[in-house]
Amino acid sequence: MSKKLVVVCGATGAHGGSVVTSLLEDGRYAIRGITRDVNSASAQALIAKGVEIVPGQPGDKESVMKAFKGAYAVFGLTNPTFTPGPEYEQGKNLVDACKANDVSLFVWSSLPHVAETSNGKYTGVFAFDEKAEVDKYIKSIDQPAIVFKTSGFTSNLVKFGELRRDAQDPPKWHIYGPYVRANFPRYATYVEKDLGPSVVAVINHWEDPAVRAELEKEPIPLCSYNVSGNEKAEIVSKISGTGVDFIVEHPTEGRNALPMLKSMYKWADEDYVHYPGGVPPPILLKLGVKFHSFEEYVKETVVPFMKSQQ
C-alpha cells in the first residue's frame with residue numbers, strides 16, 4: 001500500500017525543515033516539500049533524501065492548490081510582513097487549497113492575537129494578529145485542523161544577536177532583551193528540536209477519535225519551556241563558565257525598534273497570554289513528544305558559538 005502524503009510548506013526553512021526531518025525519521029509518510037527555489041542547495045539536499053520538492057509559496061494560490069493535490073496532511077505557515085493584509089491572504093490561500101483538495105488534516109502554525117488579548121491596547125502587530133485571523137477562517141469553512149501557537153524562538157539568542165560579547169571587557173558577555181523585565185518568565189519554542197516531532201505526533205494520532213477530539217478542542221501552545229532573562233544569563237554562565245548578565249534595552253534603531261516589534265515586546269511584558277495547562281502542553285507529552293530545554297540549547301549551540309568568538 002502506498003504511503004500517505006504529507007505536504008510541508010517552507011520545507012527548507014527552520015520550521016518546515018524541522019517537520020521534514022521528523023517525517024523522515026518517522027518513515028511512514030511520503031513527503032512533498034514546498035519552497036520558492038527548488039534549485040537551492042538546501043532543496044537539493046532534501047531531494048537526495050527522497051523528499052519530493054515542488055515550487056510554491058503561500059502568496060501564490062495556484063501553486064499551493066497544485067502542491068496540495070493528493071495530500072493527507074499539510075503543515076502550513078506564512079512569512080511575517082510589516083504591512084496589513086498580505087499574511088492573512090497567504091494563510092487563507094493555504095486553507096482554501098486544503099479544502100479544495102480534501103486534505104484530512106491541516107496543521108497550522110499560528111500566534112496569539114495581540115489586539116484581542118490586550119483588549120485593543122496594542123495594535124498593529126500584524127505578524128501575530130493576521131495569523132490569528134486565519135484561525136477563525138479555518139473554522140468558518142470547516143477545514144479539519146490543529147492550530148499550534150508558537151512563542152519566542154530559542155534560536156533568537158544567537159541568530160539575532162541577543163547574546164553579545166562586551167566591547168570594552170571581552171571576557172564578559174551580555175544577553176540583551178528588548179523592553180521585557182529581566183525577571184519575567186517568557187514562553188519559548190525550540191523550533192528546530194520540538195516543532196517537527198509535535199507535528200508528526202498529531203498526524204500519527206489524527207485518526208484516533210478520542211485524541212482527535214482533544215486536539216481540535218482549542219489551539220495548542222507549542223511552547224517548550226518558559227524562562228526569564230536573568231535565568232537565561234545564569235544558565236549560560238553556569239554551563240559556559242563565562243560571566244554573562246542580562247540587560248533590558250530600549251532600542252531607538254534597528255529591527256527591535258520597529259513599532260510592530262516594540263508593541264509585541266511590551267504586550268509580552270504585560271503578560272497578556274496565559275496557558276493554564278502549562279508548558280510543554282500535556283496533550284503533546286501524552287502523545288510521546290519529548291521537549292527540549294534551554295539548557296540543552298546552550299550546550300549544543302551557545303557554548304560552541306561563544307568559543308568560536310574567542
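Below or above, wherever it landed, is the structure these notes cover. (Residues numbered from 1 in each chain as written. Predicted model: local features only at pLDDT ≥ 70, side-chain atom pairs only at ≥ 80, totals over all residues. Heavy atoms only, no water.)

Following the criterion strictly, the structure yields 0 disulfides and no others. For the unlinked cysteine C98, the closest cysteine sulfur is that of C9, found at 7.7 Å. (Disulfide = S-S within 2.5 Å.)

To continue, consider the pattern of salt bridges. Across all of its chains, the model carries 16 salt bridges by this definition. Across the pair K131 and E87 runs a salt bridge whose closest N-O atoms are separated by 2.4 Å. With a gap of 44 residues between them, K131 in helix α6 (residues 126–140) and E87 in helix α4 (residues 86–100) connect regions that are remote in the sequence. Across the salt bridge formed by K121 and E270, the nearest N and O atoms sit 2.8 Å from each other. Taken as a pair, K121 in the loop between α5 (114–117) and α6 and E270 in the loop between α11 (259–269) and α12 (282–286) lie far apart in primary sequence, 149 residues in all. (Salt bridge = Lys/Arg side-chain N within 4 Å of Asp/Glu carboxyl O. Helix = DSSP H or I, 4+ residues; strand = E, 2+ residues; numbered from the N terminus.)

Looking at where V6 falls in the secondary structure, it is placed in strand β1 (residues 4–8). Along the sequence, V6 and V200 sit 194 residues apart, while their C-alpha atoms lie 9.7 Å from each other. Sequence-distant contacts of V6, defined by excluding residues within four places in its chain, comprise L23, Y29, A30, I31, R32, A73 and I203. (Contact = heavy atoms within 4.5 Å.)

A word on the environment of F126. Relative to the elements of secondary structure, F126 occurs in helix α6. When the C-alpha atoms of F126 and Y88 are compared, they prove to be 8.9 Å apart, with 38 residues separating the residues in sequence.

Here we come to α6. At 3.6 residues per turn, the α-helix brings residues three or four places apart onto the same side. Taking 1.5 Å of rise per residue, the 15 residues of α6 would be expected to cover 21 Å, and the 21 Å separating its terminal C-alpha atoms lies within 8% of that figure. Of the residues making up α6, those classed as buried are A127, F128, D129, E130, K131, A132, V134, D135, Y137 and I138. Where the residues of α6 are buried, they touch α4, β5 (105–110), α5, β6 (145–149) and α11. After α6 finishes, the residue D142 shows a positive phi value of roughly 60 degrees. (Expected span 1.5 Å × (residues − 1). Buried < 20%, exposed > 50% of the residue type's maximum accessible area, 1.4 Å probe, protein only.)

What follows covers the packing of aromatic side chains. Here the structure, examined in full by the defined rule, presents 9 aromatic pairs. An angle of 75 degrees between the planes, with centres 6.4 Å apart, marks the rings of Y122 and Y272 as edge-to-face. Taken together, the positions of Y122 in the loop between α5 and α6 and Y272 in the loop between α11 and α12 put the pair 150 residues apart, joining distant regions of the chain. Through a chain of ring-to-ring contacts, three or more aromatic side chains come together here, namely Y190, Y225, F294 and Y297. Sitting over the ring of Y72, K4 keeps its end group 4.2 Å from the ring centre. The ring of Y176 carries R164 above its face, with NZ or CZ at 3.9 Å from the centroid. (Phe/Tyr/Trp six-rings, centres within 6.5 Å; stacked < 30°, edge-to-face > 60°. Lys NZ or Arg CZ within 6 Å of the ring centre and 35° of its normal.)

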